[in-house]
Amino acid sequence: MTRKMWRLSGLLLVIALVAVACGDDDAATTTTTAAGTTTAATTTIPGATTTTAAPLTGTIAVSGSSTVEPISARVAEVFSALNPEVAISVDGPGTSDGMVLFCDGDTDVADASRAIKDAELETCLANGVEPIEIKVGIDGLSVLTSVNNDAITCLDFGDLYALLGSESVGFDSWADANALAAELMAAGLGGSHAPYPDVPLVITAPGEESGTFDSFIELVLQKVTKERGTDDNPRVDYVASGNDNVIIEGIGSNDTSLGWVGYAFFVENQDVVKALEIDKGDGCVAPTPETIATFESPISRPLYIYVNKAAAAEKPAVAAFVDFYLSEAGLVEVTNSGYVSLPEDEMATWIANWESRTVGHIG
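Overview of the structure.

About the thresholds
Residues numbered from 1 in each chain as written. Predicted model: local features only at pLDDT ≥ 70, side-chain atom pairs only at ≥ 80, totals over all residues. Heavy atoms only, no water. Axes fitted to C-alpha atoms, helices over the stretch in contact; angles between N-to-C directions. Helix = DSSP H or I, 4+ residues; strand = E, 2+ residues; numbered from the N terminus. Left-handed = near helix turned anticlockwise from the far one by under 90°. Contact = heavy atoms within 4.5 Å. Nonpolar A, V, L, I, M, F, W, Y, C, P; charged D, E, K, R; others polar. Phe/Tyr/Trp six-rings, centres within 6.5 Å; stacked < 30°, edge-to-face > 60°. Buried < 20%, exposed > 50% of the residue type's maximum accessible area, 1.4 Å probe, protein only. Salt bridge = Lys/Arg side-chain N within 4 Å of Asp/Glu carboxyl O. Core = buried A, V, L, I, M, F, W, Y, C linked by side-chain atoms within 4.5 Å.

At their nearest, the axes of helix α4 (residues 157–164) and helix α5 (residues 178–186) sit 9 Å apart, and the two run at 145 degrees to each other. Where α4 crosses over α5, the two elements pack in a sense that is right-handed. Together, Gly158, Tyr161 and Ala162 of α4 and Leu180, Ala181 and Leu184 of α5 make up the contact between the two elements. Residues that form the contact of α4 with α5 fall into these classes: 5 nonpolar, 1 polar and no charged.

Below is the structure:
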């Protein structure tokens, strides 16, 4: 059974109220929250009206990557506890679908498991949407099989192409890829972990609406497709889904399965799936927080949010939400969600990018 990763239990922060009275004439109320400290002056002159800071109100729409969704959902839940009059929606149809909504001006924040594409940036700007790019964490894209599959423990990029690339259409057994793997090995393109067992090859993986789909192409398949002049896309005959929980269920329910998801979904479901080690030429490396943080894990990748600059300027709730997202209390949800935090100096660069409201793809 898989678990819906963004559902939390008991996730609350303490809101402390400290009242300081100075004489009989004036007082100030200081509210300390995880998002920061605000002070609203009050007057106690007899007959005068007492005033307090107005609560934050409004709506915030977040959509995009199903990989980043658990982080944004956790941040949204804590932020909502501190600001109950702000309505926040977070969903994860996939990076590409989320970018369509964002560039159409339908959402305030886009979650993305890859950087915005040049064509998407052009569409956003043409529609008057100026995206502020913020990197929030690191994911180790994880190639998975069932915990019951003892025959396979490590694959290289050539193996993955032989099993999942465009030339493997129709391979119903792992062993069907042996000849292609041998050809790749002879060309120095990998395939070093063949021959594979003669067992059914059942593939469940992200669909093209997912940034995880794009990342797999860029980080894994293109290493081989550029040399062979073949289609960058994976084979078309597999079960594709934009829902990571569906992918986990498909991999976990077939003993000789194969697929890939973001690291957090592997961590959350280790009772039914196992992560294969990946060999980039220097030996097999398992995805762990340490190998992901150093990019020693060969298919590590950054995670992003994109903020509509106009929405941040016109909707105080949006600016406050992003401020909180980038605070210590917000960024802790990166690791709470199963991903890896950016180094402090790099995170400081992205916080500065937000504070300066710099538009476009930065890096």
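We are not done yet, so read on.
Each aromatic ring pair is described using two quantities: the centre-to-centre distance and the angle formed by the ring planes. The final tally for this structure, using the stated rule, is 9 aromatic pairs. Measuring from centroid to centroid gives 3.9 Å for Phe216 and Trp260, while their planes differ by 10 degrees, and the two rings are stacked. Remark: Trp260 occurs in strand β12 (residues 257–261) and Phe216 occurs in helix α6 (residues 211–228); sequence separation between them is 44 residues. For the pair shown, Phe216 and Trp260 are each scored as buried.

The final tally for this structure, using the stated rule, is 10 salt bridges. Asp139 serves as the salt-bridge partner of Arg301, at 2.8 Å between the closest nitrogen and oxygen. Taken together, the residues span a long stretch of sequence, with Arg301 in strand β16 (residues 300–308) and Asp139 in strand β7 (residues 131–140) at a distance of 162 residues. Taken as a pair, Arg301 and Asp139 share a single burial class, namely buried. Because the salt bridges share partners, they merge into one network encompassing Arg114, Lys117, Glu120 and Asp214.

Time to look at the nonpolar core. One finds Ile134, Val307, Phe321 and Trp354 to be the most contacted residues of the largest nonpolar core, which totals 50 residues. For this core, the element with the highest residue contribution is helix α11 (residues 316–325), accounting for 7 residues. Setting aside chain neighbours within four positions, we find Ile134 in contact with Leu303, Tyr304, Ile305, Val307, Val322, Leu326, Met347, Trp350 and Trp354.

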